[in-house]
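Spelled out from the first residue to the last, the chains are:
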Amino acid sequence: MLKYITPDELAAIIKSDKVSGKDYCVIDVRDDDWAGGNIKGAQNTPSSQFYVQVHDLVQKTKSVPTVVFHCALSQVRGPKAARIYAEARDQLEGDGEDIPHQVLVLQGGFSDFQAKYRNDPELVENWSKEVWGHPDWHI
């Protein structure tokens with residue numbers, strides 16, 4: 001079963017003394033919709049290529065105790081990638097090659113995160129009003 005993290009909880013982690021890439025990492029699985037902004041320090045691993053890249057991602061992050069996945073809304077791509085990643089990483093842990101860890105999905109995805117934190121440069125980078133500023137755009 002997937003576990004979720006709220007935008008506020010993730011923002012608190014990012015603003016804490018925890019180090020991105022060591023204590024936590026954020027994996028953004030948006031594809032072409034990556035343009036227009038991202039969570040600061042997030043790694044883009046597009047969902048269209050995720051399955052073939054998951055083992056490399058696990059190897060790069062196997063010492064990271066908290067891994068957070070998201071897409072635009074965290075309804076399909078983010079949760080699916082989190083499940084695939086969790087299965088691959090659990091296999092490593094079962095083989096004694098990993099540390100205890102948690103795999104989380106950002107509730108509401110980047111859409112909710114940027115709606116709340118787009119003006120905070122510690123949390124969001126590359127934000128584009130042209131992409132996110134239209135009130136009818138909800139992807």
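Higher on the page you've got the structure.
This one's a predicted model, so the numbers in the text were calculated from it and none came from an experiment.

When its secondary structure is counted, the protein shows 5 helices and 7 strands. For the protein, whose C-alpha radius of gyration is 14 Å, the value lies close to the compact-globule estimate of 14 Å for 139 residues. With the C-alpha coordinates aligned to their principal axes, the bounding extent of the protein is approximately 50 × 35 × 25 Å. Intrachain contacts of the protein at a sequence separation of at least 6 include 70% that bridge at least 24 residues. Put simply, the protein shows about 7600 Å² of open surface, and 50% of that area lies on carbon and sulfur atoms. Of the side chains in the protein, 15 bear a positive and 21 a negative charge, and the two mean positions are spaced by 2 Å.

Time to look at the nonpolar core. Of all hydrophobic cores here, the largest spans 19 residues; its most connected members are Ile27, Val29, Phe50, Val67, Phe69 and Tyr85. In terms of residues, this core owes the most to one element, helix H3 (residues 77–94), which gives 6 residues. In this structure, Phe50 is in contact with Val29, Thr45, Leu57, Phe69, Ala81, Ile84 and Tyr85, ignoring residues within four places of it in sequence. Of all hydrophobic cores here, the second largest spans 17 residues; its members include Ile5, Leu104, Leu123 and Val124.

A separate point is the sheet that holds strand S6 (residues 102–106). Ordered in space as S1-S6-S5-S2-S4, the 5 strands form an open sheet in which the pairing is parallel. Each of the sheet's edge strands pairs with one partner strand only, and the pair in question is strand S1 (3–5) and strand S4 (43–44). Where strand S2 (residues 24–28) and strand S5 (residues 66–70) come together, 5 bridges link them in parallel fashion. Bridge pairing in S5 links Cys25 to Val67. Helix-sheet contacts for helix H1 (residues 7–15) involve S1, S2, S5 and S6, and the interaxial angle to S1 is about 70°. Running over the sheet, H3 touches S1, S5 and S6 and is turned about 150° from S5.

Cut-offs used in this document
Residues numbered from 1 in each chain as written. Predicted model: local features only at pLDDT ≥ 70, side-chain atom pairs only at ≥ 80, totals over all residues. Heavy atoms only, no water. Helix = DSSP H or I, 4+ residues; strand = E, 2+ residues; numbered from the N terminus. Rg over C-alpha atoms; globule rule 2.2 N^0.38 Å. Contact = heavy atoms within 4.5 Å. Areas by Shrake-Rupley, 256 points an atom, 1.4 Å probe, with all protein chains shown as cover. Lys, Arg positive; Asp, Glu negative; His and termini not counted. Charge placed at Lys NZ, Arg CZ, Asp CG, Glu CD. Core = buried A, V, L, I, M, F, W, Y, C linked by side-chain atoms within 4.5 Å. Buried < 20%, exposed > 50% of the residue type's maximum accessible area, 1.4 Å probe, protein only. Pairing = 2+ DSSP bridges. Axes fitted to C-alpha atoms, helices over the stretch in contact; angles between N-to-C directions.

Geometric descriptors of this kind do not, in isolation, establish any biological role.
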